[in-house]
Amino acid sequence: MSALWSVGAGLLLLLLWVRHRGLEAVLVHHRWVFVCFFLLPLSILFDIYYQLRAWAVWRLHSAPRQHAQRVRHIQEQVREWRKEGSKRYMCTGRPGWLTVSLRVGKYKKIHKNIMINLMDVLEVDSERQVVRVEPLVSMGQLTAHLNPMGWTIPVVPELDDLTVGGLIMGTGIESSSHIYGLFQHTCVAYELVLADGSLVRCSPTENSDLFYAVPWSCGTLGFLVAAEIKMIPAKKYVKIHYQPVRGLQKICEKFTEESEKKENSFVEGLMYSLDEAVIMTGLLTDEPEPSKINRIGNYYKPWFFKHVEKYLKADRTGVEYIPSRHYYHRHTRSIFWELQDIIPFGNNPVFRYLFGWMVPPKISLLKLTQGEAIRKLYEQHHVVQDMLVPMKSLEKSIQTFHVDLNVYPIWLCPFILPNNPGMVHPKGNEAELYVDIGAYGEPKSKQFEARASMRQMEKFVRSVHGFQMLYADCYMTREEFWDMFDGSLYHKLREQMNCKDAFPEVYDKICKAARH
């Protein structure tokens, strides 16, 4: 009883303090209070609900039976839109705050919302080595489903809440991408409801133009209702080798060398300054050394990027065996390193042992509760960007990131980019090795100004024939955007499939210059 009185008194004091300071001041300057006391418990409830739902659906085998019915409902909504005169563009009815993208999608308020409740794993085909899923299946849900069966997918983009639909309509990458390419390159078929309400399946051999045009289109060619993704046999552990490297030229040379080795199952780099990095390579294995097993995903463990930094500070190499699922979601608990700006003491051992099991807060809930003041503050003083550049331009690109942003750590992730049709492909006629440079945090560059600095970055990326991930803020003009991306196939299909009256152009959906 005394414990309850203590908790009650603590909450009362907290509410009095919030009332004294003002709610907006607390949310802006002491956001950890709101996150720790409200969003973390709410995030746990969200997770419990979706896990129980996924378990119930699979146990009752209801997903495949209900899938056709749900798709028919989507088709009916599209046909109803046509009967109403096709007066507004269509978009998915999923609330904008539920997406992992930090962008606020204002178009949801003025477009015709088509409700798409498709969040189940439909079929695991071991013979074809393909898993068929609905678009709202998350990476955490999918790996939890496949791993006990002895399977995984070749590219498992990092954060648990990333969905299959978002990774196809946008893009996704992981440290295995130097072998398998981007997430879209591991998909073998898509099923879409088009602007006329018809259901179409597309693959490299069936409606191939549509298959190659869908990735990066951000839902402006049709509504994705299912996808088929390659599977590979899962192994229990990833053997990770940590190697600190100093000097920018040596970092780039070492990273390129390891990225070109197909025998490496995984390659990743974390840069902690312009001339300090840890390059990590990984091998899938079922035979770990027991003394070197590190279950880095356990709630009380240090955040992964802080754990890696220890090798840099000690100036020593190291080898560990990390359980595969822990490795696939190694940056999830700290949202890469974004959580340190929200909960500054989040990696403290006391906090981890007492409350680490509640981390991370849902990104969707962070968006929902951020308010206009925090949104503007983040927009002007915070950056979340992934730029995809040719590996041969890595050194020049890092120098540009340093001058224009000066944000550390920087994430380096290599990927092979095939010469397939579509919006994103190499300049030449052959596949080319690229690298994703991820900058997440508060820029320390004195001349940083959100719009001007990002336009400078975008100009540089275009000059080296690179690409900007479209989940982030984009400041390009329409001409600059289509200079970066190849819109030939995309525009051809929008014309052929009568998309112009049904969906906005991808530029109008994601670029700030079009939305403001």
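Residues numbered from 1 in each chain as written. Predicted model: local features only at pLDDT ≥ 70, side-chain atom pairs only at ≥ 80, totals over all residues. Heavy atoms only, no water.

## What to know about the overall build of the protein
In terms of regular secondary structure, the protein is built from 21 helices and 17 strands. Since a compact globule built from 516 residues should have a radius of gyration of about 24 Å, the 23 Å found for the protein is in line with a globular shape. Taken along the three principal axes of its C-alpha coordinates, the protein extends 60 × 60 × 50 Å. Here the protein displays about 23100 Å² of accessible surface, and carbon together with sulfur accounts for 54% of that area. A gap of 5 Å separates the mean positions of the 62 positive and 55 negative side-chain charges of the protein. (Helix = DSSP H or I, 4+ residues; strand = E, 2+ residues; numbered from the N terminus. Rg over C-alpha atoms; globule rule 2.2 N^0.38 Å. Areas by Shrake-Rupley, 256 points an atom, 1.4 Å probe, with all protein chains shown as cover. Lys, Arg positive; Asp, Glu negative; His and termini not counted. Charge placed at Lys NZ, Arg CZ, Asp CG, Glu CD.)

## Brief notes about the domain arrangement of the protein
Taken domain by domain, the protein comprises domain 1 (64-231) and domain 2 (235-370). Contact residues are listed per partner, giving 25 residues for domain 1 and 24 residues for domain 2. Between domain 1 and domain 2, the buried area comes to about 2000 Å², and carbon and sulfur atoms account for 55% of it. Linking domain 1 to domain 2 there are three salt bridges. In this structure, the salt-bridge partner of Arg 330 is Glu 158, at a minimum N-O distance of 3.2 Å. For the interface between domain 1 and domain 2, the tally reads 15 residue pairs in polar contact (both at pLDDT 80 or more). Where the side of domain 1 that touches domain 2 is concerned, the elements lending two or more residues are α5 (139-146) and α7 (177-180). (Domains from an automatic or database assignment. Contact = heavy atoms within 4.5 Å. Buried area = accessible area lost by both parts, 1.4 Å probe. Salt bridge = Lys/Arg side-chain N within 4 Å of Asp/Glu carboxyl O. Polar contact = N/O pair within 3.5 Å; in protein donor to acceptor, adjacent residues only side chain to side chain.)

## Details of the sheet that holds strand β7 (residues 199-202)
Spatial strand order, β3-β4-β8-β6-β7: five strands in an open sheet with antiparallel pairing. Only two strands of the sheet have a single neighbouring strand rather than two, namely β3 (121-125) and β7. The average angle at which neighbouring strand axes cross in this sheet is 15°, direction not considered. Note: β3 against strand β4 (residues 130-133), four bridges, orientation antiparallel. The partner of Glu 123 across the bridge, within β4, is Arg 132. (Pairing = 2+ DSSP bridges. Axes fitted to C-alpha atoms, helices over the stretch in contact; angles between N-to-C directions.)

## Considering the sheet that holds strand β17 (residues 467-468)
Read from one edge of the open sheet, eight strands run β13-β10-β12-β11-β15-β16-β14-β17, paired in antiparallel fashion. Bordering the open sheet on either side are β13 (318-323) and β17, each of which pairs with just one other strand. Pairing between strand β11 (residues 266-273) and strand β15 (residues 410-417): three bridges, direction antiparallel. Pairing of Leu 270 across the sheet is with Trp 411, part of β15. Helix α16 (residues 394-404) rests against β11, β14 (383-390), β15 and β16 (432-441) of the sheet, and its axis sits at about 15° to β16.

## Some remarks on the nonpolar core
Counting residues in each nonpolar core, the largest one holds 146 residues, and the members touching the most others are Tyr 190, Leu 210, Phe 481 and Phe 485. In contact with Tyr 190, other than residues within four places in its own chain, are Ile 168, Gln 184, Val 200, Arg 201, Cys 202, Phe 211, Val 214, Pro 215, Leu 224, Ala 226 and Ala 227. (Core = buried A, V, L, I, M, F, W, Y, C linked by side-chain atoms within 4.5 Å. Buried < 20%, exposed > 50% of the residue type's maximum accessible area, 1.4 Å probe, protein only.)

## Some thoughts on the pattern of salt bridges
Side chains that carry opposite charge are capable of pairing whenever their charged atoms lie near each other. Taken as a whole and assessed by the stated rule, the structure comprises 27 salt bridges. Between Asp 315 and Arg 246 there is a salt bridge, and its shortest N-O distance comes to 3.0 Å. Taken together, the residues span a long stretch of sequence, with Asp 315 in the loop between α10 (304-314) and β13 and Arg 246 in strand β10 (residues 237-246) at a distance of 69 residues. According to the relative accessible area criterion, Asp 315 is exposed, its value standing at 54%. Take Arg 246: its relative accessible area is 36%, and that puts it in the partly exposed class. Its salt-bridge partner being Arg 462, residue Asp 483 comes within 3.9 Å of it at the nearest N-O pair. In this pair, Asp 483 sits in helix α18 (residues 478-484) while Arg 462 sits in helix α17 (residues 450-463), placing the two residues 21 residues apart along the sequence. Judged by relative accessible area, which is 17%, Arg 462 ranks as buried.

## A look at the side chain of Ser 176
Of note, Ser 176 is situated in the loop between α6 (164-169) and α7. Given a relative accessible area of 2%, Ser 176 falls into the buried group. Discounting residues that sit within four places of it in the chain, Ser 176 has contacts with Pro 154, Val 155, Ser 265 and Phe 266.

## What about the packing of helix α9 (residues 248-259) against α16?
Where α9 meets α16, the axes come as close as 9 Å, and the angle between the chain directions of the two elements is 130°. One element, α9, and the other, α16, form an angle in the oblique class. Between α9 and α16 lies a crossing of right-handed hand. Each of Leu 248, Gln 249, Cys 252 and Phe 255 in α9 lies in contact with α16, whose residues at this interface are Leu 394, Glu 395, Ile 398 and Gln 399. Of the residues contributing to the contact of α9 with α16, the split by class is five nonpolar, two polar and one charged. (Parallel < 35°, antiparallel > 145°, perpendicular 65-115°, else oblique. Left-handed = near helix turned anticlockwise from the far one by under 90°. Nonpolar A, V, L, I, M, F, W, Y, C, P; charged D, E, K, R; others polar.)

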